[in-house]
Amino acid sequence: MFLAATALSACDSSDTAPAPVPDAAPQAATTEVPVHVEIGSTWNVDPDDGTRAAPPGAGDSNIDGSEGTGDDDGQEELKEINEVRIITFRRADSSDLSAASTTDDTPFVYDAQNDVRISVTDTDDKDYPDGDDFYNKTHKHRVAEGKIKKTYGYEYRVIALAYNKDFAPVYPVKNTLDEGIDSWMKLNLKDGTTLDEFKAKFDNINIDSLSSHYRNSSSKVGKLAIAIPQLFYGDCYAQGHTGSKTIKYAYDDNADVPLTGTLYRGMAKVELKVKLEKHTPVGTTHDVDAAYLAADNIYTEAGLYDYGCFNSAASLLDTQYYSPIGYSAKDTENEYTTISAWVLPGKTHLALRVYMSAAAIDYRYDMGQICTEDVISGDNATGVISPDAIGNVFYFRRNHKYVFTCDNSETIMKHKL
């Protein structure tokens with residue numbers, strides 16, 4: 001039994017027997033349980049294998065017909081992840097509390113008392129057994145450990161998100177941008193929010209806030225620059241009971257069963273490595289100072305009640321325009337400049353927009369569509385695979401990394417936008 005009724009008595013100096021005291025309302029038993037989550041860094045791993053098919057007509061997952069080796073373990077991208085947020089939903093459990101009326105269709109409701117932020121730490125180096133090109137290496141896991149409280153009479157769903165708590169966009173702006181994940185990833189959590197309503201919306205920047213005017217000289221440029229962080233997602237389970245995402249108050253009269261979970265990336269990473277050569281927008285040749293990676297099909301909202309939600313992201317920006325998704329000043333120390341962006345899974349065209357500070361103000365920008373014929377797609381030596389592509393539409397999948405290499409930015413400008 002988890003509930004105990006306590007009899008109360010009162011002292012009375014008179015000879016008259018005291019009136020009977022009503023039974024006290026039973027106090028719900030609570031227990032605090034540990035939560036241990038591990039963050040899976042490896043690319044191309046999907047716990048829901050088979051749920052995301054290649055687009056019709058795409059054929060092999062690599063444009064050039066080859067497969068990656070799996071050697072890129074994703075550890076470099078994982079370094080920035082420094083916080084996990086444990087978010088809990090609960091509902092009455094009729095199997096524990098006879099007075100409750102609940103069914104499998106009864107929604108789980110946000111439990112604000114069990115919304116916990118915990119720091120990410122490294123475990124000790126671990127040697128994995130031979131037999132796999134990746135797991136026979138020595139590397140570090142990243143983990144987070146915290147606690148939540150369970151109350152008798154309720155059952156729970158526990159979601160974990162991992163991210164960089166100090167996230168801020170990389171765009172050059174006139175004024176300082178807000179820093180911190182809460183400024184750029186808005187969760188719709190409030191009293192009464194149900195699990196199936198749970199979602200994240202990713203914020204954007206009006207391009208008029210950029211330090212130079214992005215819109216000039218092209219009608220194809222959108223009004224917003226998108227800012228999407230790297231995000232990991234996972235369900236937590238009662239240890240030894242991974243067959244169900246629903247977490248009970250107790251298992252075989254043991255209320256202290258710890259919770260565990262593994263988190264996977266919900267986003268795709270797109271990386272363009274390009275030689276930023278001199279450009280001649282109109283008669284005069286100029287050095288390129290910086291470049292933007294842009295897309296015309298950008299999702300800004302994703303459900304968070306299941307990992308599968310990342311495969312059906314919503315809330316598109318206006319698709320008639322190309323909006324910035326990444327930026328970099330020209331890398332003066334290396335041959336190639338790398339522009340990176342995190343995107344929600346989906347399909348899109350891509351474009352490169354270069355900036356020349358010395359050009360006349362009406363010609364400081366040049367923009368061209370990135371076409372498959374102009375880039376080396378994928379980096380198979382490190383296990384990075386190419387996206388599925390039909391024509392020049394690229395399909396990006398969750399927890400995949402895509403690297404495009406272009407030896408001359410002028411090549412892209414042949415497809416002027």
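Residues numbered from 1 in each chain as written. Predicted model: local features only at pLDDT ≥ 70, side-chain atom pairs only at ≥ 80, totals over all residues. Heavy atoms only, no water.

**Student:** Go over the packing of aromatic side chains with me, naming the residues and quoting the values.
**Tutor:** How two aromatic rings sit relative to each other is set out by the distance from centre to centre and by the angle between their planes. Summed over the entire model, instances satisfying the criterion amount to 15 aromatic pairs. Between Tyr292 and Tyr365, the ring centres sit 6.4 Å apart and the planes meet at 50°, which makes this aromatic pair tilted. Residue Tyr292 is found in strand S18 (residues 290–295), and its partner Tyr365 is found in strand S25 (residues 365–370); the two are separated by 73 residues along the sequence. Here the aromatic cluster, defined as three or more aromatic residues joined through ring pairs, consists of Tyr171, Tyr292, Tyr327, Tyr355 and Tyr365. The lysine or arginine in question, Lys150, covers the ring of Tyr249, its NZ or CZ lying 5.9 Å from the ring centre. Just above the ring of Trp43 sits the side chain of Arg265; from NZ or CZ to the centre is 3.9 Å. (Phe/Tyr/Trp six-rings, centres within 6.5 Å; stacked < 30°, edge-to-face > 60°. Helix = DSSP H or I, 4+ residues; strand = E, 2+ residues; numbered from the N terminus. Lys NZ or Arg CZ within 6 Å of the ring centre and 35° of its normal.)

**Student:** Give me the lowdown on the pattern of salt bridges, citing residues and values where you can.
**Tutor:** According to the stated counting rule, one finds 20 salt bridges in the structure shown. Close ionic contact of Glu77 with Lys401 constitutes a salt bridge, the shortest N to O distance being 2.9 Å. Residue Glu77 is found in helix H1 (residues 75–78), and its partner Lys401 is found in strand S29 (residues 401–406); the two are separated by 324 residues along the sequence. An identical accessibility class is assigned to Glu77 and Lys401; each is buried. As a salt-bridge pair, Asp122 and Arg142 come within 2.8 Å of each other at their nearest N and O atoms. With Asp122 in strand S3 (residues 109–122) and Arg142 in strand S6 (residues 142–151), this residue pair connects regions lying 20 residues apart in the sequence. Residue class for Asp122 comes out partly exposed when judged on its relative accessible area of 42%. Linked by salt bridges that have partners in common, Glu77, Lys269, Glu271 and Lys401 make up one network. (Salt bridge = Lys/Arg side-chain N within 4 Å of Asp/Glu carboxyl O. Buried < 20%, exposed > 50% of the residue type's maximum accessible area, 1.4 Å probe, protein only.)

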